[in-house]
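So you can see what is in the structure, the chains are spelled out below.
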Number of protein chains: 2
Amino acid sequence: MATLLHIDSSALTESSVSREVTAAFRAEWETQHPEGTVIYRDLANDPLPHLSADAIVSGMAPAEAHTPEQAAAAALRTKLADELEQADAILIGTPMYNFTIPSTLKAWLDHVIIMGRTAAPEVGGSVAGKPTTVVVARGGGYGAGTPRESFEFVSTYLDKVLTGLLGLDVEFIIPELTLARVVPEMAELIDVADASKAAAHERAVAKAKTLAARFAA
Amino acid sequence: MATLLHIDSSALTESSVSREVTAAFRAEWETQHPEGTVIYRDLANDPLPHLSADAIVSGMAPAEAHTPEQAAAAALRTKLADELEQADAILIGTPMYNFTIPSTLKAWLDHVIIMGRTAAPEVGGSVAGKPTTVVVARGGGYGAGTPRESFEFVSTYLDKVLTGLLGLDVEFIIPELTLARVVPEMAELIDVADASKAAAHERAVAKAKTLAARFAA
C-alpha cells in the first residue's frame, strides 16, 4: 500500500488551476490505490508559521536543552520531515506569485529541509530519489525563448532546491496563461490557455497511473 | 526631512550578518538625518501572515462589498503600501535560506505588490524610482563564475521583482561566506568572509551617506 504526500499552496481554492491539476493526479492515484494512504497538506487553508529562530536554534542543540518554544518548533519540523519520509510519491501544487512560489510553500520548504536528515547532498538524504510531481500554474507565458523566461523563479528555483538539497526525482507539469480567462487583454490567448490546462490534466493523470503501477507490487 | 523604510527578515537576531549591515547603513543615515523618520519592519520578530484568499479577493471588489476578513486583509496591504510610498529610501536586509529569500520577506512582497498601485509596469507605479539598498547575506559563495552561481535565487530574484514590478532603483550589497565562522569545514575561508563583511559595512555606510546627502536639501 503506497503513500502519497499531496501538497497544495495556492491561496485561492475555487479558481486555482494548480489545485485542479493536483486533484486530477490524486483522483487517478486513488483509483489505482483505493486502500493507499494520502497525506494532505493544504498550506493556504492550514498555513505553517514562518521558520523562526526557535526552529533554527532547536536543530543545533540536544532535545533536553530545548526551551518549550524550541521543542514545539522542533516537533513541527519533525512532523513535516516524517510526512516526507513516509511518502512513496510526492505531489506539489504551486501558483506563481510575483514570479516565484508563495510564502506558504517557502515556509514548508524551510521547515522540511533539515541538514543531515532530509538534506544531505554529499551522501544522500532520507528522501533522496522519491518521485515528485510538481504542478506549476503560471498566469502568463514564461517558457523557454519567451521574453519573460528570465522572470521565471518557480520551476527554476524548485528544480534546484528539490533536486539539489533533497535529492528528489522531480517532474514538472506546467499549465500556463491561466490569467487568460481573467484579464481582458489576454482574451485572445484563451484557446492556448485551455489547451495548456488540458495537456496538464492529461499529463497528471498519465503520471499518476505510471507511478501507481510502480507501487502496485 | 527624509524617511527611510528599513526592513529586516533574518530569523536570527544576534548572529545575523544582514541585520548587522543594515544596522550600519541605518546608523549612518540617522547620523545624517537626526530629525528624519525611520519606519522599521522586523519581519521575523513581528511576522506578517501569508497572503490569503481574502487579501487577494479584496483587491477585486469595492470596499463596501468586503467581508470583515477581507477588510482586515485589505487594510494590512494598504498599510504596507503606505509605508513603501512614504519612504524616500528603502533598505532591505535578507539572508539566503535554501537558495532564496525567507518566507517572511516573500509574504511582505506578496502583500505590498498591488497591481495598479505600487506595481504598474507599463505606466510606472507609485514607488517607481525610489533608491533601494538590498543587503543579501549568503552562507556560501554564489558569485558569478562560481560552481554555485546557478543556485542563487536571492539577488537574481529580488532584482527582477523589485525592478520589474515595483520599478525600484536597486543596489545590492552582498556579504558572502557568512557560515565560515560556523561550519568547521569552511574555516579556511574565515579571512575571505571577514573581508567580505567588512567591505559590505563600508559600502553600506558610503551608500547611506550618499543617499542622505541627496535628501538633505
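Residues numbered from 1 in each chain as written. Chains lettered and ligands numbered in written order. Predicted model: local features only at pLDDT ≥ 70, side-chain atom pairs only at ≥ 80, totals over all residues. Heavy atoms only, no water.

Draft legend 1. Region of interest: the packing of helix α3 (residues 68-86) of chain B against helix α4 (residues 103-112) of chain B. Residue and element names in this part refer to chain B. Relative to each other, α3 and α4 sit at 95 degrees, their axes nearing to 8 Å. Between α3 and α4, the interaxial angle falls into the category roughly perpendicular. Across the interface between the two elements, Leu76, Arg77, Leu80, Ala81 and Leu84 from α3 touch Trp108, Asp110, His111 and Val112 from α4. A class-by-class count of the residues in the contact of α3 with α4 yields six nonpolar, one polar and two charged. (Axes fitted to C-alpha atoms, helices over the stretch in contact; angles between N-to-C directions. Helix = DSSP H or I, 4+ residues; strand = E, 2+ residues; numbered from the N terminus. Parallel < 35°, antiparallel > 145°, perpendicular 65-115°, else oblique. Contact = heavy atoms within 4.5 Å. Nonpolar A, V, L, I, M, F, W, Y, C, P; charged D, E, K, R; others polar.)

Draft legend 2. Inspection of the nonpolar core at higher detail. With 68 residues, the main nonpolar core has Trp108, Leu158 and Leu162 of chain A together with Trp108, Leu158 and Leu162 of chain B as its most contacted residues. Leave out the neighbours within four places in its chain, and Trp108 of chain B touches Leu5, Ile7, Leu43, Leu48, Leu80, Leu84 and Ile92 of chain B. (Core = buried A, V, L, I, M, F, W, Y, C linked by side-chain atoms within 4.5 Å. Buried < 20%, exposed > 50% of the residue type's maximum accessible area, 1.4 Å probe, protein only.)

Draft legend 3. The arrangement of the relation of the copies chain A and chain B in detail. Once chain A is rotated about the relating axis by 180 degrees and shifted along it by 0.0 Å, it coincides with chain B to within an RMSD of 0.0 Å. The transformation relating the two chain copies, once decomposed into turn and shift, fits a two-fold axis. No C-alpha of chain A lies nearer the rotation axis than that of Ser103 of chain A, which sits 2.3 Å from it. (Least-squares fit on C-alpha atoms with pLDDT ≥ 70 in both.)

Draft legend 4. Expanded view of the sheet that holds strand β5 (residues 169-173) of chain B. Residues and elements named next belong to chain B. Taken together, five strands build an open sheet; the order of strands is β2-β1-β3-β4-β5 and the sheet is parallel. Every interior strand has two partners, whereas the edge strands, β2 (37-42) and β5, have only one. With direction set aside, neighbouring strand axes in the sheet form an average angle of 15 degrees. Bridge analysis of strand β1 (residues 3-8) against β2 gives six bridges, and the strand direction is parallel. By the bridge assignment for β2, Thr3 is matched with Thr37. (Pairing = 2+ DSSP bridges.)

Draft legend 5. Summary view of the packing of aromatic side chains. Inspection of the entire model under this criterion finds nine aromatic pairs over all chains. Ring centres 6.4 Å apart and planes at 65 degrees place the aromatic pair Phe99 of chain A and Tyr142 of chain A in the edge-to-face group. Remark: Tyr142 of chain A occurs in the loop between β4 (131-137) and α5 (155-164) and Phe99 of chain A occurs in the loop between β3 (89-95) and α4 (103-112); sequence separation between them is 43 residues. According to the relative accessible area criterion, Tyr142 of chain A is buried, its value standing at 12%. Between Phe153 of chain A and Phe153 of chain B, the aromatic rings sit 6.5 Å apart at their centres with planes inclined by 90 degrees, giving edge-to-face as the arrangement. One end of the pair, Phe153 of chain A, is in the loop between β4 and α5; the other, Phe153 of chain B, is in the loop between β4 (131-137) and α5 (155-164), on a second chain. Of the residues examined, Phe153 of chain B reaches a relative accessible area of 6% and is grouped as buried. Through a chain of ring-to-ring contacts, three or more aromatic side chains come together here, namely Phe153 and Tyr157 of chain A together with Phe153 and Tyr157 of chain B. One cation-aromatic arrangement involves Arg26 of chain B over Tyr40 of chain B; the distance from NZ or CZ to the ring centre is 5.2 Å. (Phe/Tyr/Trp six-rings, centres within 6.5 Å; stacked < 30°, edge-to-face > 60°. Lys NZ or Arg CZ within 6 Å of the ring centre and 35° of its normal.)

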